[in-house]
Amino acid sequence: MRLKTNLYHFFNVILCCTAFLVLSSCYKFDGNQTIPSYVEIDTVLLRTYYPDQGSNSNAIKDVWVYVNDQQIGAFELPAMFPVLAIENQKLEIRPGIKVNGISSTRAPYPFYKPIIYDDFLFIPDSTIPVINPTTEYYSNVNFLWMEDFEHAGISLSESSSSDTVIVRTQPGSNPDGNSRYSGLISLNTIDRIYSASSANSYPIPNQGSPTLLEVDFKTNNYINVGILIQENGNFIKIPLVILNHSEIWNKIYVNLGPNLSLHPQATDFKVFFETVLEDNLSSATIYLDNIKLINRPY
């Protein structure tokens, strides 16, 4: 794993330096020698206002870096990378995620603000750490639905095909941060099926507006996540991702936008969760938490 990470950083370093040379934006010393500064970023934090934005749970895996508004590259965290700049320059860090949990679809998260240092000091042949870079949600992000299981009522509605219901845990088996409770789905050979959707429907966003679903999960049984789009009085079921086994708390960002855009005549939609006990199991437990359905005007 370390070899793979080092190679990832190595190729990014090569691409980064090449880009700078092509763009002629390097700081050049006497002769042909160019000595970079090295920027080190271990992690990116998320700050939220809990009553309106929910938990600060996040899965920021990458940073997309710009110096003086020119892209340096995308780097997996923790990262250390060279920048051919000197003295005080503008440094911009855009928090990145794995869209739909897929490593090949990494992108800046459109709901997190970039972290900007207007006068970041670059020192050639030195490593400069960025201490506790912290992002926030944009102020115009719409939190259409949030379910963190902190309240007695749960905003998921089971379908007639569901054998069981989701319940609140007791404190102790929850993600770090503000959460005290999470949602628990228990399956066994009698109660094998869970099927539920958001209790409310939500309007189809404007064409091109990013819409994503955030979900924290821990499970030893797969679970499907998707949307139910209401069009001409009928619900169209569209599975989107499968949450695979995870012994630790994990987080996924599910991109709903492209599928919603394919149905401009639809009136609204719901989010659904659905699973069946796997054949090789006699029982299973699925934990969900910090569900957020988020939209931002285009």
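This section reports on the structure supplied with the text.

Calculation criteria
- Residues numbered from 1 in each chain as written.
- Predicted model: local features only at pLDDT ≥ 70, side-chain atom pairs only at ≥ 80, totals over all residues.
- Heavy atoms only, no water.
- Helix = DSSP H or I, 4+ residues; strand = E, 2+ residues; numbered from the N terminus.
- Buried < 20%, exposed > 50% of the residue type's maximum accessible area, 1.4 Å probe, protein only.
- Phe/Tyr/Trp six-rings, centres within 6.5 Å; stacked < 30°, edge-to-face > 60°.
- Lys NZ or Arg CZ within 6 Å of the ring centre and 35° of its normal.
- Core = buried A, V, L, I, M, F, W, Y, C linked by side-chain atoms within 4.5 Å.
- Contact = heavy atoms within 4.5 Å.
- 1 Å grid on protein atoms, 1.4 Å probe; cavity = no way out; pocket = protein on both sides within 12 Å on 5 of 7 lines; lining within 4 Å.
- Points joined across faces, edges and corners; volume = space filled by probe spheres on them.
- Nonpolar A, V, L, I, M, F, W, Y, C, P; charged D, E, K, R; others polar.
- Polar contact = N/O pair within 3.5 Å; in protein donor to acceptor, adjacent residues only side chain to side chain.

A closer look at unusual backbone geometry
Next, step 1: Of note, the amide linkage connecting L77 to P78 takes the cis form, showing an omega dihedral of -5 degrees.
Next, step 2: On the secondary structure map, P78 appears in the loop between β4 (70–76) and β5 (79–83).
Next, step 3: Positive phi values are uncommon outside glycine, yet D69 reaches one of about 70 degrees.
Next, step 4: With respect to the helices and strands, the residue D69 is situated in the loop between β3 (62–67) and β4.
Next, step 5: Not every positive phi belongs to a glycine, and E87 is a case in point at roughly 65 degrees.
Next, step 6: Among the structural elements, E87 can be located in strand β6 (residues 87–98).
Next, step 7: Residue E87 is classed as exposed on the basis of its relative accessible area of 52%.

Details of the packing of aromatic side chains
Next, step 1: Enumeration according to the criterion identifies eleven aromatic pairs in this entry.
Next, step 2: Geometrically, the ring pair formed by Y109 and F111 is edge-to-face, given 5.1 Å between the ring centres and 70 degrees between the ring planes. Each member of the pair Y109 and F111 is classed as buried.
Next, step 3: Arranged with centres 4.5 Å apart and planes meeting at 75 degrees, the rings of Y109 and Y112 form a pair that is edge-to-face. Both residues of the pair, Y109 and Y112, belong to the buried class.
Next, step 4: Taken together, Y109, F111, Y112, Y137, F143 and Y253 form an aromatic cluster joined through their ring pairs.
Next, step 5: Taking the ring centre of F272 as reference, the NZ or CZ of K237 above it sits at 5.2 Å.

Section: the nonpolar core
Next, step 1: Formed by 35 residues in total, the largest nonpolar core has its most connected members in L213, F269, F273 and L288.
Next, step 2: For this core, the secondary structure elements donating two or more residues are β14 (183–188), β15 (193–198), β17 (211–219), β18 (223–231), β19 (234–243), β20 (246–255), β21 (268–276) and β22 (283–295).
Next, step 3: Residue contributions to this core peak at five residues, all from β22.
Next, step 4: Residue contacts for F269: discarding those within four places in its chain leaves N200, S201, Y202, P203, I204, P205, I227, L228, I229, L256, L260 and L293.
Next, step 5: Among the nonpolar cores identified, the runner-up in size contains 34 residues, and L46, Y109, I115 and Y137 belong to it.

Some thoughts on the layout of surface pockets
If a probe as big as a water molecule is rolled over the atoms, it shows which places are left empty.
Next, step 1: There is about 280 Å³ of room inside the second largest pocket.
Next, step 2: Of all the secondary structure elements, the ones that give two or more residues to the lining of the second largest pocket are β6, β19 and β20.
Next, step 3: In terms of residue count, β20 provides more of the lining of the second largest pocket than any other element does, five residues in total.
Next, step 4: When the residues that make up the lining of the second largest pocket are grouped by side-chain class, the tally is eight nonpolar, six polar and three charged.

Observations regarding the side chain of K251
Next, step 1: Note that K251 resides in strand β20.
Next, step 2: Of the polar contacts made by the side chain of K251, one reaches the side chain of S57; its length is 3.2 Å.
Next, step 3: Side-chain polar atoms of K251 contact the side chain of E214, separated by 3.5 Å.
Next, step 4: Once you skip the residues sitting within four places of it in the chain, K251 turns out to touch S57, N58, A59, E214, V215, D216, F217 and N290.

A word on the environment of L240
Next, step 1: If you trace the backbone, L240 turns up in strand β19.
Next, step 2: Sequence-wise, L240 and G226 are 14 residues apart; in three dimensions their C-alpha atoms are separated by 4.7 Å.

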